[in-house]
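Observations on the model geometry
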Amino acid sequence: QVQLVESGGGLVQPGGSLRLSCAASGFTLDRYAIGWFRQAPGKEREGLSCINSGDGHTVYADSVKGRFTISRDDAKNTVYLQMNSLKPEDTAVYYCAADIEYYCSGSVRSWGQGTQVTVSS
């Protein structure tokens, strides 16, 4: 069945780094824009970043710009979110999602199950 599976979350100290992975099964990611989102307890889902298929154009939310980097490896059917300089306010469940288009339209085709990221000392 079509699904996305996130991995790489965990507990990290402030200022530390994590790399999240999003692996696809049931379809290939190569022609779809892929985004990362997060949701903290009691807060609305927040869009973080998106990367187009083809031209690789990327966009970032102001809250993560300069700290997070999105990338894709279509041969591995996987997208990544490299997170550096992590802050306690980055604590959330992180989700990846496939767009319905090859560009970042904002309309989601599929969601992953999420992976927990906790930033705490």
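Residues numbered from 1 in each chain as written. Predicted model: local features only at pLDDT ≥ 70, side-chain atom pairs only at ≥ 80, totals over all residues. Heavy atoms only, no water.

Position of Arg67 among the secondary structure elements: in the loop between strand E6 (58–60) and strand E7 (68–73). The residues touching Arg67, leaving out its near neighbours within four places in the chain, are Gln82, Met83, Asn84, Ser85, Leu86, Lys87 and Asp90. (Helix = DSSP H or I, 4+ residues; strand = E, 2+ residues; numbered from the N terminus. Contact = heavy atoms within 4.5 Å.)

Under the defined criterion, the tally for this structure stands at 5 salt bridges. Here Asp90 ties to Arg67 by a salt bridge, and the two come within 2.8 Å at their closest N and O atoms. Of the two residues, Asp90 is situated in the loop between strand E8 (78–83) and strand E9 (92–99) and Arg67 in the loop between E6 and E7; the sequence distance between them amounts to 23 residues. Across the pair, exposure class does not vary: Asp90 and Arg67 are buried alike. Residue Asp74 is joined to Arg72 by a salt bridge in which the shortest nitrogen-to-oxygen separation is 3.0 Å. (Salt bridge = Lys/Arg side-chain N within 4 Å of Asp/Glu carboxyl O. Buried < 20%, exposed > 50% of the residue type's maximum accessible area, 1.4 Å probe, protein only.)

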